[in-house]
Amino acid sequence: MMLTLTGRLQTLGVVSGAKILGRTFCGFMAAGLSYAPHVSAHFIPDEGAGTQVDAAVVATWRSASVVDQYEFWQIPGTLMGGDAYPVTSGLSVDEVTVKAARRVDANTFVKLGLGVHQGGSQSGDEHQSVTVEHASLGFICCETTGLGVGEIAAEFVAEIGVLSAAFTPELLSHRSTASFSEPSLIADVFFGRHFHDQGARVWLHETAGWSVGAEIWQGKAFPSTEGGDGGAWDVFARYQFDRDKLNMTLGGWWYTADAQSRADHRYGGGHQHTPVAPPGESASQFPDIRYTGDVVLLGVDASMAYQWTAASSMGVQLSWAQLTMDGALHDSGGREAALEADQYAVWVQPYLKWQQHNLAVRVERLVADNRLSGASAATLGESAGALNVSGHTPQRASLAWTYQWRPQTAFRTEWIQDETLEDAQSRFTVGVIWHGSLLSGGHSHGGY
Amino acid sequence: MVDDEGARESEFDWRVPASIPLPVEPEDNPMTEAKFQLGRHLFYDARLSVNGEISCASCHHQSKAFSDGIQRPVGATGEVHPRNSQSLTNSAYFNNLTWGNPALATIEQQIMLPLFGDNPIEHGIDESNFEQIIMTVQADETYQRLFLNAFPEQDDPLWGDLAWDNVVKAIGSFVRGMTSFNSAFDRGELSASARRGEALFNSERLECFHCHDGYNFSDATIDRGVAFLEPKFHNTGLYNIDGMGAYPEPNTGRHEVTGNPDHMGQFRTPSLRNVAVTAPYNHDGSVATLEEVIRNYARGGRVIATGENAGDGRISPFKDGVLVPFRISDAEVDDLVAFLESLTDHNFLTDPRFSNPWESTGENL
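Residues numbered from 1 in each chain as written. Chains lettered and ligands numbered in written order. Predicted model: local features only at pLDDT ≥ 70, side-chain atom pairs only at ≥ 80, totals over all residues. Heavy atoms only, no water.

This brings us to a negative patch on the surface. A surface patch of like charges, here negative, comprises Asp 68, Glu 71, Glu 422 and Asp 423 of chain A. Inspection of the secondary structure assignment puts Asp 68 of chain A in the loop between strand 1 (51-62) and strand 2 (90-105). (Patch = residues over 30% accessible without salt bridge, like charges linked within 9 Å, V, L, I, M, F, W, Y side chains within 5 Å. Areas by Shrake-Rupley, 256 points an atom, 1.4 Å probe, with all protein chains shown as cover. Salt bridge = Lys/Arg side-chain N within 4 Å of Asp/Glu carboxyl O. Lys, Arg positive; Asp, Glu negative; His and termini not counted. Charge placed at Lys NZ, Arg CZ, Asp CG, Glu CD. Helix = DSSP H or I, 4+ residues; strand = E, 2+ residues; numbered from the N terminus.)

Next comes the structure, spelled out in structure tokens:
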């Protein structure tokens, strides 16, 4: 659908090549879904388009919880955190987002995005606070100064404020735009599911297929911490190729962060207690083990799509990320153990789209090689989850079928074979996705 | 891959579960079974006192987890100790010894106080009698053998200049070896009442575990994995005799040593292991039962209506901030006590390994 629109707009001469590429960039994580967002995290509103406001709601019923209510979700061999809460059985509102954008003038734009995402905790309390995901001011520069390639002008963009990361499309994965209701292992384990932080971004924005940039972060977003030596920065490059019915994207990124006494804020990190379990059940206190040290991630994202008719397409997406950590685990009791970690995760996602139907498969795998040393290595490693005693290799296979019932409403059902924990689990889901424009500003973009 | 850098290595059989880190061994007094056994004989030997009537075991009874069951013990000269006898359970895991002295970091340092101290006098050993006392030890054939076994690197461990030093190290080794991790709690055999009590113990309402945390139920716990631990002492609002937070002299806790007014009434968190058999409670043994301890905490401090120690500990300016009043029903008190009772290691209380060796030889000292 996106490619069809692109060709149509090019034919009509409505938008420039650079702007067209901007739309397709947003569609990477949508896996070909026709409800790709208008106002995405990296959407740059058009001049004269007025204020644009989009909203999305995703609700999903699941047949099983990934862990019991009074257990912690800790994938063996990893240090998790951020907002990577386990999915729970029953009905869950996975996501509520409202995003607005406005082009103030030829060179300035503003964006605001609010989000509520599914949480949940060991105690059963829901963690569903409203989060400001974007609140940024952007500047566009040099669009017509001839720095571009051939007939296409280069577009340099600088943004500052609360931003969502642009270095990997993995982190654009809202459940309303992804094929699956559950984020990937890369997003959950390496980035704590979401990445919104105060920072700044400078990039060459989708010029002749290229997006190249750098971002610097205050460090609030997992896996970093703010203050002191905390903080993070990244660089990225992505190239998109469009030819007839074929669309390909290839990107690479490098991210580095400092963490100071980083906690797993899902369960610990502050004043914490053993959750009170009802009679007959037991609950244990979360071990508040912290990590201090360096975190370096690098990754590659790729996608290929072929659209053989106006209503049908097929493609495959791939994401690979490697995490290295060099630091120490420690606790409030003065225990400390050195940690060197090499972990990688990968997923492959082929999909097939025909009319209102989208069928996607995702296969994921995570491998952790951690080296712990020190008198408390075993104790802290086991408590923190870094010690993978059994050598278990987390993996997961997911199958999703999405039916686009109305332009703004879709139904999704999934089957998931989850082997991220040592006890394998199968679960299925049924959900509804609403994603629409509340205020279009009199100028329509995108795929519906 | 895990490299614990020898954290589980020791010549001594600590009898500690794999899930519990091993204690720190002093470099100048590494643990050996021979020293442990020598220390056990010395611990129970009343000859190590000015009047031949006081041994370490006089105030540290095995059946009471090496406490003594009375409010305050009496020394060899009749002097009453201002402090309650602490249990010696898992002493090896404390980062400082005694109730309120942040300077006592090793068991060997602590042992010098009851043996040779004069404020108060406990064993009453001093310059006037120490030679005579060690001579009684030297004359015992059992000790001649035990000292040679315990200190094989020394030519003359019993008669040489290091004899008293060896006495202290041996007793220190015995006390350090008193490990206890075989309670119903450790075995996961809690009753329904104890499980409810455990939840209360860790609840937002009661806050018990903030100070009594970890495997030894004390925030003053140190082991081989702990790089450094700040001294941790707490004022629990037990006294407020002048309305300004004062504790009765000389029992002012950490303040007694440091002189820092902010340290008034601060005492080290005792372990709760075997706590059910170590009554009476608190640093001066002034609280008779666990139930009473819990109710003092529930009130946010102790109120003493009459007498020389009258005062409202709830409003002490030195009281630890974590101590806030909470509501608790009688049934919940029972549950909490049941949980604390589940921390009793009954095997520890009767284990022949820690018992009086002189009884088995017919010499009841």
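Structure shown, so let's carry the discussion forward.
Residue and element names in this part refer to chain B. Compared with an ideal rise of 1.5 Å per residue, which puts twelve residues at 16 Å, helix 11 (residues 330-341) spans 16 Å between its outermost C-alpha atoms and is within 8% of the ideal. Buried residues of helix 11: Val 333, Asp 335, Leu 336, Val 337, Ala 338, Phe 339 and Leu 340, and no others. The elements touched by buried residues of helix 11 are helix 7 (184-187), helix 8 (192-201) and helix 10 (290-299). (Expected span 1.5 Å × (residues − 1). Buried < 20%, exposed > 50% of the residue type's maximum accessible area, 1.4 Å probe, protein only. Contact = heavy atoms within 4.5 Å.)

Turning to the pattern of salt bridges, a few remarks are in order. All names here are of chain B. Across all of its chains, the model carries 34 salt bridges over all chains by this definition. Linking Arg 196 and Asp 335 is a salt bridge whose minimum nitrogen-to-oxygen distance equals 2.9 Å. Within this pair, whereas Arg 196 is found in helix 8, its partner Asp 335 is found in helix 11, the two being separated by 139 residues in sequence. Looking at Arg 196, the relative accessible area reads 46%, which means it is partly exposed. Under the relative-accessibility criterion, Asp 335 is labelled buried at 8%. Linking Arg 295 and Glu 291 is a salt bridge whose minimum nitrogen-to-oxygen distance equals 3.2 Å.

Right, let's get into the nonpolar core. Counting 54 residues, the largest nonpolar core has Phe 190, Phe 191, Tyr 255 and Leu 329 of chain A as the members making the most contacts within it. Of all hydrophobic cores here, the second largest spans 51 residues; its members include Phe 43, Tyr 44, Tyr 93 and Phe 348 of chain B. (Core = buried A, V, L, I, M, F, W, Y, C linked by side-chain atoms within 4.5 Å.)

Looking now at the environment of Asp 264 of chain A. Residue and element names in this part refer to chain A. As for its placement among the helices and strands, Asp 264 is situated in the loop between strand 9 (246-262) and strand 10 (290-309). Residues Asp 264 and Met 80, spaced 184 residues apart in sequence, show a C-alpha to C-alpha distance of 6.3 Å. Residues within four places of Asp 264 in sequence aside, it is in contact with Gln 74, Met 80, Gly 81, Gly 269 and Phe 286. A polar atom in the side chain of Asp 264 sits 2.7 Å from the side chain of Arg 266. (Polar contact = N/O pair within 3.5 Å; in protein donor to acceptor, adjacent residues only side chain to side chain.)

A full pass over the atoms with the stated rule returns 41 aromatic pairs over all chains. With a centroid separation of 4.9 Å and 70 degrees between ring planes, the pair formed by Phe 195 of chain A and Trp 217 of chain A is classed as edge-to-face. Of this pair, Phe 195 of chain A sits in the loop between helix 3 (185-191) and strand 6 (196-207) while Trp 217 of chain A sits in strand 7 (residues 210-217); the two residues are 22 residues apart in sequence, bridging distant segments of the chain. The exposure class of Trp 217 of chain A is buried, given its relative accessible area of 4%. On the basis of an interplanar angle of 70 degrees and a centroid distance of 6.2 Å, the ring pair of Phe 36 of chain B and Phe 354 of chain B is categorised as edge-to-face. A residue pair is termed long-range when its members are at least 10 positions apart, and Phe 36 of chain B in helix 1 (residues 33-43) and Phe 354 of chain B in the loop between helix 12 (346-350) and helix 13 (357-360) qualify at 318 residues. (Phe/Tyr/Trp six-rings, centres within 6.5 Å; stacked < 30°, edge-to-face > 60°.)

Function cannot be inferred from these measures alone, as they are strictly geometric.
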